[in-house]
Amino acid sequence: MNFILFGPPGAGKGTQGALLAERFDFLRLSTGDMLREALAAGTQLGLEARKFMAAGELVPDTVILGMVRDVMASPAARAGVVFDGFPRTTAQAEGLGDLLRDLGTKLDAVLVLDVEDEELVRRLAGRVACPNCGAVYNRFTDPPRSEDTCDRCGGTLVQREDDREDTVRRRLHVYREQTAPVLAFYEAAGVPVHHIAGDRPVEEVQRELARHIGR
Ligand code: ADP
Ligand code: AMP
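Residues numbered from 1 in each chain as written. Chains lettered and ligands numbered in written order. Predicted model: local features only at pLDDT ≥ 70, side-chain atom pairs only at ≥ 80, totals over all residues. Heavy atoms only, no water.

A. Here's a closer look at helix α9 (residues 202-212). Among the residues making up α9, those that are buried are Val205, Gln206, Glu208, Leu209 and Ala210. Structurally, α9 contributes buried residues whose contacts are with β1 (2-6), α1 (13-24), β4 (109-114) and β7 (193-197). (Buried < 20%, exposed > 50% of the residue type's maximum accessible area, 1.4 Å probe, protein only. Helix = DSSP H or I, 4+ residues; strand = E, 2+ residues; numbered from the N terminus. Contact = heavy atoms within 4.5 Å.)

So this is what it looks like as structure tokens:
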């Protein structure tokens, strides 16, 4: 089973995707995480992506599709994939369709987390993450036990550069202009698109997602 966790930045895709992957053994494929890892490792791809990410713009489709193709070719993808933060353009959605077809598989559903802009801005202003193990917290709603220290691994928590308010506004604009139209693409293609109210406690949202994927 392959599905997309869709929604604006801050909607909870990473949080929910990590839980689904852990509970039901999916591979979580987050293009944002992959780009940040490339950046941290100082690879050519990371360096290329950096200026787009810092500005809150999308990284070019060819770069993203190349990355996704590599992961999808790995055996880990066969158990089923939850796509997080991908596809973000209609061209990426078309590319994913071709890729899945070549692999003899398909997309089962698009699960959309709906959250109001003001709540997104608030969530992203409070988001901190551990660069060491990837755990994500929120200073307001889900703080670590000890300030700035990861509960899981003791790493020092950091705020993402692109979670500053001006960049967040730009990312929300880019979402509306370039990413939201992907939903119409899937509706036209006959892929089931389910909307889920994302402004509820994490476990409630998780239960509804699980129900939609028949778990
Ligand atoms: P996305 O991956 O869609 O950008 P995240 O999963 O990183 O979003 O969540 C953004 C921020 O909001 C994080 O700080 C996270 O802890 C917090 N968060 C996630 N889900 C919820 C929720 N249901 N209620 C309140 N805060 C949440
Ligand atoms: P995310 O972690 O999903 O919020 O992504 C952070 C940033 O990485 C985005 O603002 C983009 O600059 C870039 N990015 C992540 N995924 C994609 C994608 N599928 N297409 C284009 N850019 C992406």
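B. Region of the structure containing the state of the cysteines. Going through the model one piece at a time under the given rule, you end up with zero disulfides. With no disulfide of its own, cysteine 150 lies closest to cysteine 133 among cysteine sulfurs, the gap being 3.7 Å. Just so you know, cysteine 153 is unpaired, no disulfide at all, and the nearest cysteine sulfur is the one on cysteine 130, 3.5 Å from it. Residue cysteine 153 is classed as partly exposed on the basis of its relative accessible area of 34%. (Disulfide = S-S within 2.5 Å.)

C. Broad picture of the packing of helix α2 (residues 31-41) against helix α3 (residues 44-55). Packing of α2 against α3 brings their axes to within 8 Å, and their N-to-C directions diverge by 120°. In terms of orientation, α2 and α3 fall into the oblique class. Here the hand of the crossing between α2 and α3 comes out left-handed. Residues Gly32, Leu35, Arg36, Ala38 and Leu39 of α2 pack against Leu45, Gly46, Leu47, Ala49, Arg50 and Met53 of α3. When grouped by side-chain class, the residues that make up the contact of α2 with α3 number seven nonpolar, two polar and two charged. (Axes fitted to C-alpha atoms, helices over the stretch in contact; angles between N-to-C directions. Parallel < 35°, antiparallel > 145°, perpendicular 65-115°, else oblique. Left-handed = near helix turned anticlockwise from the far one by under 90°. Nonpolar A, V, L, I, M, F, W, Y, C, P; charged D, E, K, R; others polar.)

D. Just the pairing of β4, in detail. The buried fraction of β4 is high, at five of six residues. For β1 and β4, the ladder comprises four bridges, and the chain directions are parallel. Counterpart to phenylalanine 3 in the pairing with β4 is alanine 109. In this sheet, β7 lies alongside β4 in parallel orientation, the contact comprising five bridges. Bridge pairing in β7 links aspartate 114 to alanine 197. (Pairing = 2+ DSSP bridges.)

E. Looking closely at the site of ligand 2. Thr31, Arg36, Glu57, Arg88 and Gln92 are the nearest of the 16 residues found near ligand 2. Contact between ligand 2 and threonine 31: a nitrogen atom at 2.8 Å from a side-chain N or O atom of the residue. Note that an oxygen atom of ligand 2 is positioned 2.6 Å from one of the backbone N or O atoms of glutamate 57. Here ligand 2 has 480 Å² of accessible area as a free molecule, and 96% of this is covered by the chains. In terms of residue count, α2 provides more of the shell around ligand 2 than any other element does, four residues in total. When its residues are assigned to classes, the shell around ligand 2 shows six nonpolar, four polar and six charged. (Near = heavy atom within 4 Å. Polar contact = N/O pair within 3.5 Å; in protein donor to acceptor, adjacent residues only side chain to side chain. Areas by Shrake-Rupley, 256 points an atom, 1.4 Å probe, with all protein chains shown as cover.)

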